[in-house]
Amino acid sequence: MPNSFSYRDRLLHCEGLSVAQMASQIGTPFYLYSSQSMQEQFRAYDRAFASIPHVICFSMKANSNLAVVRLFVNEGGGVDIVSGGELFRAVRAGADPRKIVFSGVGKTRAEIADALKSGILMFNVESLPELKTIDRVAQELGLKAPVALRINPDVDPHTHDYTATGKKESKFGIDLDQAMDGYRLARSLHHLEVVGVDVHIGSQITEVEPYEKALLKVKSFVDQLRREGFGIRYFDFGGGLGIPYKDEKPPSPQEFAERVLPILSAMDLTVIFEPGRFLVGNAGILVCKVLYVKDSNAKSHVIVDAAMNDLIRPSLYGAYQEIIPVSLPAEPDRRVTADVVGPVCESGDFLAKDREIPPIQVGDLLAVLGAGAYGFTMSSTYNSRPRVPEVLVRGEEFHLVRRRETFEDLVRGEEIPVFLKGD
Ligand code: LLP
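Note that this is a predicted model, so its numbers are computed, not measured.

**Side note on a nonpolar patch on the surface**
Here is step 1: There is a patch of nonpolar side chains on the surface, built from Ile 416, Phe 419 and Leu 420 and spanning about 410 Å² of accessible area.
Here is step 2: On the basis of relative accessible area, Phe 419 is assigned to the exposed category, the value being 72%.

Following this line, the structure appears as structure tokens:
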């Protein structure tokens, strides 16, 4: 359990506050974030790379709540965005556009135009056709677009297939053997300014080795670019540093830095990092309540009020998320095996399968750990379940940073056409 969550008098606390007490005020389910934990993670990453010029651009797809983005902006961070919506949120949260990098394989003309007008730091360009589109949009606006090409280094990050992005068959980035042509093309286009090189190999990476491999390939490519006279200023090293969900032992930022710093320093560039999960994953929990306990012949099911629409990682990736009681039971060593499931009408709706948990009673509160990253941001209203609130704690204070959605929110923007109204 991360430092900011602990049991006091057998009750789970987030920083100075009792989770059960917050639940009684807010209702369940809800996401709960510790600002202290987010700050500590950011500072640990920042400290690890203090010896080189760098910018930490929070990958806000992990958690795009305005308050969370603002927290990292206050720490001096920038933002890694992948859509017009994220640009809007980043600016609304107070991010400095000169610290925003824009990644993603399918940027639209409108998104490119918005980002150009905002004056972002650079576009991480994922294909040669995209280079031409950005050039054209910049020309129409009478601007010059700062670009980096995202290199696909063909490295296996040893992670879930859905989150591996740096293998040659993936849709991301430009193959190393086509990258030089890409840079030459970029140089020939008058409304582009080549400023950087980008690589991002995947997510939930628990070893340094894939990073090292990718870095060595990129470094020799940067050397080549320099020989060809490209004035590269930024190297974007992407995100992906893993966190412990169960018994993974990912490198700390310190350990990661020790191995990659010698190469990074030799590159003599401002390095951009795009961590998402590392900054917020273990700073958040999903609090839910037990609705029913159902013992059939084959299995025991604990049915809670949170479901796959609220937290899809277990269903989508088979991801393990630790589940603990908010109030420690009298006999903490007793265990039962159960599936923890939600009310959604799909067999794939589960938060845990065959999990050993303390005996559970109706009305008990449970906390799903590791829910601060790709939790709320991947949630939906499937089964017409309003999205749950998000709460941010600081010390003894908590703030509802997103209210619970209402049924009216569910139907906002929908209309029944006159031809169906029958009068
Ligand atoms: N930069 C780029 C270009 C990315 O695509 C991503 C994540 C990141 C940075 C941040 O990666 P992180 O530091 O958070 O690992 N939904 C999945 C993870 C998808 C990651 C997508 N890209 C999950 O819940 O495990």
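**As for the sheet that holds strand β3 (residues 17-18)**
Here is step 1: Ordered by their spatial adjacency, 3 strands build an open sheet running β1-β2-β3, and the pairing between neighbours is antiparallel. Looking at which strands have only one partner, the edges of the open sheet turn out to be β1 (5-8) and β3.
Here is step 2: Of the strand pairs in this sheet, strand β2 (residues 11-14) and β3 are connected by 2 bridges, and their pairing is antiparallel. When the sheet's bridge partners are listed, Cys 14 is paired in β3 with Leu 17.

**Some points on unusual backbone geometry**
Here is step 1: A cis amide bond links Thr 28 to the next residue, Pro 29, at an omega of -10°.
Here is step 2: If you trace the backbone, Pro 29 turns up in the loop between α1 (19-26) and β4 (30-34).
Here is step 3: Here Asp 354, not a glycine, exhibits a phi torsion of approximately 40°, which is positive.
Here is step 4: Of note, Asp 354 is situated in strand β18 (residues 350-357).
Here is step 5: A relative accessible area of 48% places Asp 354 in the partly exposed class.
Here is step 6: If you check the backbone angles, Asn 383 has positive phi at about 65° while not being a glycine.
Here is step 7: Counting through the fold element by element, Asn 383 comes out in the loop between β19 (365-368) and β20 (390-394).
Here is step 8: Here Asn 383 falls in the partly exposed class, since its relative accessible area comes to 33%.

Cut-off values and rules
Residues numbered from 1 in each chain as written. Predicted model: local features only at pLDDT ≥ 70, side-chain atom pairs only at ≥ 80, totals over all residues. Heavy atoms only, no water. Patch = residues over 30% accessible without salt bridge, like charges linked within 9 Å, V, L, I, M, F, W, Y side chains within 5 Å. Areas by Shrake-Rupley, 256 points an atom, 1.4 Å probe, with all protein chains shown as cover. Salt bridge = Lys/Arg side-chain N within 4 Å of Asp/Glu carboxyl O. Buried < 20%, exposed > 50% of the residue type's maximum accessible area, 1.4 Å probe, protein only. Pairing = 2+ DSSP bridges. Helix = DSSP H or I, 4+ residues; strand = E, 2+ residues; numbered from the N terminus.

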